[in-house]
Amino acid sequence: MKKKVEICVYGAEVLCPSCVNLPSSKETYEWLGAAVARKYPNQAFTISYIDIYKTEDCDGEKREFAARVVEEDMFYPVVVIEGEIVGEGNPKLKTIYSEMEKYGYAAS
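The structure presented is a predicted model; accordingly, all values stated were derived computationally and were not measured. (Residues numbered from 1 in each chain as written. Predicted model: local features only at pLDDT ≥ 70, side-chain atom pairs only at ≥ 80, totals over all residues. Heavy atoms only, no water.)

Caption draft 1: Representation of the overall build of the chain in the model. Broken down by element type, the chain carries three helices and four strands. What you see in the chain, going N to C, is helices and strands ordered as β-α-β-α-β-β-α. Taken over C-alpha atoms, the radius of gyration comes to 13 Å for the chain, in line with the 13 Å a tight globule of 108 residues would show. Evaluated residue by residue, the chain yields a buried proportion of 44% over its 108 residues. Counted over contacts in the chain with a minimum sequence separation of 6, partners at least 24 positions apart contribute 66%. Here the chain displays about 6200 Å² of accessible surface, and carbon together with sulfur accounts for 49% of that area. Averaging the positions of the 13 positive and the 18 negative side-chain charges in the chain gives two centres separated by 8 Å. (Helix = DSSP H or I, 4+ residues; strand = E, 2+ residues; numbered from the N terminus. Rg over C-alpha atoms; globule rule 2.2 N^0.38 Å. Buried < 20%, exposed > 50% of the residue type's maximum accessible area, 1.4 Å probe, protein only. Contact = heavy atoms within 4.5 Å. Areas by Shrake-Rupley, 256 points an atom, 1.4 Å probe, with all protein chains shown as cover. Lys, Arg positive; Asp, Glu negative; His and termini not counted. Charge placed at Lys NZ, Arg CZ, Asp CG, Glu CD.)

In structure tokens, the structure reads:
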């Protein structure tokens, strides 16, 4: 593995108006963390949940991106891997796995 990647899930407690009947951002964050850990066991990664309306504890880059999610009316949750948006609204595991594999992760 080349690099320990960071997965960021940006969302909010309130469901995205266009994402009714989909899991909440927090549920997606939990589901995604479990799915990636199962797919790539013993391969370290970090996953962070960033509430787009509560960014006071975030670093500048995450705060700026959270503001962008709000300003651009993105469908959340928005999943970002190493600065690259890989999912919006209803993220697809296949797309996320493909991005992880660019960093040297291998399914077991």
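The discussion continues.
Caption draft 2: Fine view of helix 1 (residues 25-39). Spanning 15 residues, helix 1 covers 21 Å between terminal C-alpha atoms, matching the ideal 21 Å at 1.5 Å per step. Elements that come into contact with the buried residues of helix 1 comprise strand 1 (6-11), strand 2 (46-51), strand 3 (78-81) and helix 3 (93-102). (Expected span 1.5 Å × (residues − 1).)

Caption draft 3: Main features of the pattern of salt bridges. Evaluated as defined, the whole model comprises five salt bridges. Notably, a salt bridge pairs Lys 62 with Glu 6, separated by 2.9 Å at the nearest N-O pair. A residue pair is termed long-range when its members are at least 10 positions apart, and Lys 62 in helix 2 (residues 60-71) and Glu 6 in strand 1 qualify at 56 residues. Lys 62 sits in the buried class, given a relative accessible area of 16%. Taking relative accessible area as the criterion, Glu 6 reaches 24% and is therefore assigned partly exposed. Between Lys 62 and Asp 59 there is a salt bridge, and its shortest N-O distance comes to 3.8 Å. Because the salt bridges share partners, they merge into one network encompassing Glu 6, Asp 59 and Lys 62. (Salt bridge = Lys/Arg side-chain N within 4 Å of Asp/Glu carboxyl O.)

Caption draft 4: Representation of the sheet that holds strand 1 within the structure. Sheet architecture is open: four strands sit in the order 2-1-3-4, paired in mixed fashion. Edge positions in the sheet fall to strand 2 and strand 4 (84-88), since each of these pairs with one other strand and no more. Neighbour to neighbour, the strand axes of the sheet diverge by 25 degrees on average, direction disregarded. Of the strands in this sheet, strand 1, strand 2, strand 3 and strand 4 touch helix 2, which is tilted by about 40 degrees from strand 1. (Pairing = 2+ DSSP bridges. Axes fitted to C-alpha atoms, helices over the stretch in contact; angles between N-to-C directions.)

Caption draft 5: Inspection of the side chain of Ser 25 at higher detail. Among the secondary structure elements, Ser 25 is positioned in helix 1. Residue class for Ser 25 comes out buried when judged on its relative accessible area of 2%. Of the polar contacts made by the side chain of Ser 25, one reaches the backbone nitrogen of Ala 12; its length is 3.4 Å. If we ignore the near neighbours within four places in the chain, the residues touching Ser 25 are Val 9, Tyr 10, Gly 11, Ala 12, Tyr 49, Tyr 76 and Pro 77. (Polar contact = N/O pair within 3.5 Å; in protein donor to acceptor, adjacent residues only side chain to side chain.)

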